[in-house]
Amino acid sequence: MYICKCYNENNENDKWGLIMKKFEEKTIHSQPIFKGKVISLKVDDVTLPNGETSKREIVNHPGAVAIIAITGEGKLVVVEQYRKALERSIIEIPAGKLEPGELPEITAARELEEETGYGCNELTYLQSFATSPGFADEIIHLFIARGLYKIENRAAMDEDEFVELMEITVEEGERMIAQQKIFDAKTAFAILWMKMQG
């Protein structure tokens, strides 16, 4: 599998060389509140740019990947799954969280196989973005997977994960966005990106 990556994995604090510090809020004190299997919560006391102080409730997340998997027919591979936080099912591109010490491209290849049963001949890094920067530090890394092929003995999904696989056109994806069947930013981004490619 060919992998193209465009970030600097050696600099943990600024992998993309883009950190901006305008209006920086300096942390005075940090109070851990909760540590779970996936996320943790803390409350930070901060100094504001005007010298005043405030509190920030922050969710820490290890980060995630999402895969824009494109079939030979130009369709997008998506999965439907139930999201408890929304109390409903939505249709999404394959995605999953980073494991400790795991490179995003390795996570992407693993999640593609686990959720869809596909491998790919080419995996290209596209974009990274914050999912909820007002209260969480989660960064999601998007990859494009091409040259898809079915894996006979695929890796098993997580025991608590239930998904239905489908392949959709850009036009079908746009209708699903309008119907709110596609309801998350990463998948809407994927549909718009594919539309821009023509």
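Higher on the page you've got the structure.
Residues numbered from 1 in each chain as written. Predicted model: local features only at pLDDT ≥ 70, side-chain atom pairs only at ≥ 80, totals over all residues. Heavy atoms only, no water.

**Q** I would appreciate a short explanation of the side chain of Glu111 in the present structure.
**A** Checked against the element boundaries, Glu111 lands in helix 1 (residues 104–116). Of note is the side chain of Glu111, whose polar atom sits 3.1 Å from the side chain of Arg110. Residue contacts for Glu111: discarding those within four places in its chain leaves Val65, Ile67, Ala95, Gly96, Lys97 and Thr116. (Helix = DSSP H or I, 4+ residues; strand = E, 2+ residues; numbered from the N terminus. Polar contact = N/O pair within 3.5 Å; in protein donor to acceptor, adjacent residues only side chain to side chain. Contact = heavy atoms within 4.5 Å.)

**Q** How should I be thinking about the sheet that holds strand 7 (residues 88–92) in this particular structure?
**A** To summarise the sheet geometry, strands pair through backbone hydrogen bonds and adopt either a parallel or an antiparallel arrangement. In space, the three strands of this open sheet follow the order 7-6-11, with antiparallel pairing throughout. Edge positions in the sheet fall to strand 7 and strand 11 (163–168), since each of these pairs with one other strand and no more. Across this sheet, the average inter-strand angle for adjacent strands is 25 degrees, counted without regard to direction. Together, strand 6 (76–83) and strand 11 form the strand contacts of helix 1, whose direction differs from that of strand 6 by roughly 75 degrees. With respect to the sheet, helix 2 (residues 170–178) is in contact with strand 7 and strand 11, its orientation differing from that of strand 11 by roughly 125 degrees. (Pairing = 2+ DSSP bridges. Axes fitted to C-alpha atoms, helices over the stretch in contact; angles between N-to-C directions.)

**Q** In this structure, what is going on with the packing of aromatic side chains? I would like to understand it.
**A** The relative placement of two aromatic rings is captured by the distance of their centres and the angle of their planes. This model, assessed by the stated rule, comprises two aromatic pairs. Seen from their ring centres, Tyr125 and Phe143 are 5.7 Å apart, and the 70 degrees between their planes marks the pair as edge-to-face. Of this pair, Tyr125 sits in strand 9 (residues 118–130) while Phe143 sits in strand 10 (residues 139–150), and the two are 18 residues apart along the sequence. Judged on exposure class, the residue Tyr125 and its partner Phe143 are both buried. Judged by centre distance (5.7 Å) and plane angle (40 degrees), the ring pair of Phe129 and Phe189 falls under tilted. Of the two residues, Phe129 sits in strand 9 while Phe189 sits in helix 3 (residues 185–197), which places them 60 residues apart along the sequence. The exposure class of Phe189 is partly exposed, given its relative accessible area of 28%. Against the face of Phe183 rests Arg88, its NZ or CZ located 4.9 Å from the ring centre. Looking at Lys150, its charged tip hangs above the ring of Tyr118, at a distance of 4.3 Å from the centre. (Phe/Tyr/Trp six-rings, centres within 6.5 Å; stacked < 30°, edge-to-face > 60°. Buried < 20%, exposed > 50% of the residue type's maximum accessible area, 1.4 Å probe, protein only. Lys NZ or Arg CZ within 6 Å of the ring centre and 35° of its normal.)

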